[in-house]
Amino acid sequence: MTNNSKSIVPVASATSPYVSSRRNAPNRQAIALISDHGDPAAEIGKEEAGGQNVYVRKVGEALAKLGWQVDMFTRKSRPDDAKIVQHSPHCRTIRLTAGPEEFIPRDQLFDYMPEFVESFQKFQSKEGTNYPLIHTNYWMSAWVGLRLREASNIQLVHTYHSLGAVKYQAVPHKPAIADTRLAVEQQILEQANCVVATSPQEEEMLRTLVSQQGCIEVIPCGTDISTFHTIPKAEARAKLGLKQNEAIILYVGRFDPRKGIETLVRACAELKDHTNLRLVIVGGSEPGSVDGEERERIERIVAELGLTEQTLFAGRVGHDLLPLYYTAADVSVIPSHYEPFGLVAIEAMACGTPVVASDVGGLKFSVVPEETGLLVPPQDVDGFAQAIDRILSDEIWARKLRKQASLRVQQNFSWSGVAVHLSNLYRHLLAQSISSELLWNEPLPRRAEVASTYVASSKAVSA
Ligand code: UDP
């Protein structure tokens, strides 16, 4: 399975009519996932597309397999993109109009959220659907969800993906949007029916930095273990045209200063004893785009440190080829300043690659030090160099780490497992909302009707 747009079949264009989810799947309960800027159908690894896009897409597809009709809403950011993209029979991405159809950086998107709410409501009435449960992703979607809940009785679930309270600790000047973001992040924790934290560390962070009130359930992220699995290292290197005798250090992810690529590059410069070192940097888009600035900065540091010959900038790679990169590597490095979860860690481990990661957030949860890799304080260049060196210098131990890493992912992090947890949570919330509706609001004849609707849909869900 690839996650680039080639694998997607568009079923409707801006002008063609499409079939309503209700009419299409009368026995399925329709739910909405909202991801304002993280288009689930986008090319991953480009500009701001990253873990959130993967999460929403994979969770959506897995929930559809469990019996839900899953509609994933995002902002239409390119005129050529289809308005609706069908990923599987009961899972689709719907791109709503909210501002100009062009890439807008996250920090400038909030002004378009009222239009997003309007477009969502128009879509609902056109389809004749009223989503009883909405799962929002990122703080701007949370704002959208809270507005939608003012207009109708919905169950609201939220996943943060990134936390302003953490992000702003590390920046010298907060952007103009900071206060709004912090207020919405607090509001959603206190008012959502449930917030999903992707690691116990994120839960702790939410309680310490955001609010003591509100319901939190820890449901980790997953990975696709049929895509990310072990293959022989020699085979992977041969397929990618990488040399068999090199010590390969891999970075996969977006070009963003907070990802700490600079720390990794500087650490590689300290590994002079390894004469056959190769640093492979995967991710990003072409020069000239928004993330191009960070890429150019990293390229300059690579040149200053005399590492140009040893460094390969592989560009964006889809999930079809990424397993080859992970498997080809001796060590996968995640030097982020902060990471609420960090999908790259479990993808690498699923491919049997030891991970050296910053000792922060969800990485503390997924990486088991000394068993599946090593954890190092963020931005500690010497620490990263020493940890990478330990793995490169001890082949027998590295082999043990490889085995334990892939086992840990198989046993703990699969999208289907994540979807089962989320599905149970949704059903619990919907059942709760029905019983409170039955208890307090509805006249008797209506109660039976409402109850039978949910019995029908929960049967479909458990089918
Ligand atoms: N990714 C990709 N191709 C690339 C670079 C990244 O498919 O060239 C994917 C990567 O496999 C992972 C996601 O982007 O699934 C990054 O998620 P993560 O949680 O590690 O970081 P985020 O982008 O959310 O900060």
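Residues numbered from 1 in each chain as written. Predicted model: local features only at pLDDT ≥ 70, side-chain atom pairs only at ≥ 80, totals over all residues. Heavy atoms only, no water.

Draft legend 1. Representation of the overall build of the protein chain. From N to C terminus, the protein chain includes 17 helices and 15 strands. Taken over 463 residues, the protein chain has a buried fraction of 58%. Partitioning the contacts of the protein chain with sequence separation of at least 6, the portion at a separation of at least 24 is 68%. Counting every atom, the protein chain has about 19400 Å² of accessible surface; 51% of that belongs to carbon and sulfur. (Helix = DSSP H or I, 4+ residues; strand = E, 2+ residues; numbered from the N terminus. Buried < 20%, exposed > 50% of the residue type's maximum accessible area, 1.4 Å probe, protein only. Contact = heavy atoms within 4.5 Å. Areas by Shrake-Rupley, 256 points an atom, 1.4 Å probe, with all protein chains shown as cover.)

Draft legend 2. Quick look at the site of the ligand. Neighbouring residues of the ligand: 22 residues in total, closest Gly51, Arg254, Lys259, Val317 and Glu347. Calculation on the ligand without its partners gives an accessible area of 540 Å², and the protein chains cover 93% of this total. Of all elements in the fold, only helix H2 (51-65) and helix H12 (343-350) reach the threshold of two or more residues within the shell around the ligand. For the shell around the ligand, a count of residues per class yields 8 nonpolar, 9 polar and 5 charged. (Near = heavy atom within 4 Å. Nonpolar A, V, L, I, M, F, W, Y, C, P; charged D, E, K, R; others polar.)

Draft legend 3. Inspection of the pattern of salt bridges at higher detail. Scanning all chains against the criterion turns up 23 salt bridges. Glu185 is the salt-bridge partner of Arg181, the closest N and O atoms lying 2.9 Å from each other. You can see Arg181 and its partner Glu185 sitting in helix H6 (residues 178-191), 4 residues apart, about one turn around the helix. Judged by its relative accessible area of 1%, Arg181 is buried. Here Glu185 falls in the buried class, since its relative accessible area comes to 1%. We note a salt bridge from Glu246 to Arg278, for which the minimum N-O separation is 3.2 Å. Of this pair, Glu246 sits in the loop between helix H8 (233-240) and strand E10 (247-252) while Arg278 sits in strand E11 (residues 277-282), and the two are 32 residues apart along the sequence. Across this residue pair, the class does not change: Glu246 and Arg278 are buried. (Salt bridge = Lys/Arg side-chain N within 4 Å of Asp/Glu carboxyl O.)

Draft legend 4. Main features of the environment of Leu96. Here Leu96 shows up in strand E5 (residues 91-96). Looking at Leu96, the relative accessible area reads 5%, which means it is buried. Between the C-alpha atoms of Leu96 and Lys76, which are 20 residues apart in sequence, the distance is 5.4 Å. In contact with Leu96, not counting residues within four places along its chain, are Phe73, Thr74, Arg75, Lys76, Phe116, Ser119, Phe120 and Phe123.

Draft legend 5. Here's a closer look at the pairing of strand E8 (residues 194-197). Residue alternation in E8 divides its side chains into two sets, Cys194 and Val196 and Val195 and Ala197, and both sets are buried. Looking at chain direction, strand E7 (residues 155-159) and E8 are connected through 3 bridges and run parallel. What sits directly across from Val157, in E8, is Cys194. Looking at chain direction, E8 and strand E9 (residues 216-218) are connected through 3 bridges and run parallel. Directly across from Val196, in E9, lies its bridge partner Glu217. (Pairing = 2+ DSSP bridges.)

Draft legend 6. Local environment of unusual backbone geometry. Positive phi values are uncommon outside glycine, yet Tyr138 reaches one of about 80°. For Tyr138, a relative accessible area of 2% translates into the label buried. Positive phi outside glycine occurs at Glu370, with the angle close to 75°. Structurally, the position occupied by Glu370 is in the loop between helix H13 (363-366) and strand E15 (373-376).

Draft legend 7. Spatial organisation of the side chain of Asn137. Mapping Asn137 onto the fold places it in strand E6 (residues 133-137). Side-chain polar atoms of Asn137 contact the backbone oxygen of His135, separated by 3.5 Å. Residues contacting Asn137, with those up to four places away along its chain left out, are Ile34, Ser35, Asp36, Gln52, Tyr55, Val56, His158, Thr159 and His161. (Polar contact = N/O pair within 3.5 Å; in protein donor to acceptor, adjacent residues only side chain to side chain.)

Draft legend 8. Representation of the pairing of strand E12 (residues 311-315). Residues of E12 alternate between two faces, with Thr311, Phe313 and Gly315 buried on one and Leu312 and Ala314 left unburied on the opposite face. Relative to E12, E11 runs parallel, the two being bridged by 4 bridges. Bridge assignment links Val280 to a residue of E12, and that residue is Leu312.

Draft legend 9. Structural detail: helix H10 (residues 292-304). Helix length check: H10, at 13 residues, gives a terminal C-alpha distance of 18 Å against a target of 18 Å (1.5 Å per residue), a fit within 8%. Here H10 has its buried residues at Gly292, Glu294, Arg295, Ile298, Ile301 and Val302. Each element contacted by the buried residues of H10 is listed here: helix H9 (261-269), E11 and E12. (Expected span 1.5 Å × (residues − 1).)

Draft legend 10. The arrangement of the sheet that holds E12 in detail. Taken together, 6 strands build an open sheet; the order of strands is E12-E11-E10-E13-E14-E15 and the sheet is parallel. Lying at the two open borders of the sheet, with one neighbouring strand each, are E12 and E15. Averaged over all adjacent pairs, the angle separating strand axes in this sheet is 20°, with direction ignored. Note: E10 against strand E13 (residues 331-334), 2 bridges, orientation parallel. Among the inter-strand pairings, Leu250 is bridged to a residue of E13, identified as Ser332. (Axes fitted to C-alpha atoms, helices over the stretch in contact; angles between N-to-C directions.)

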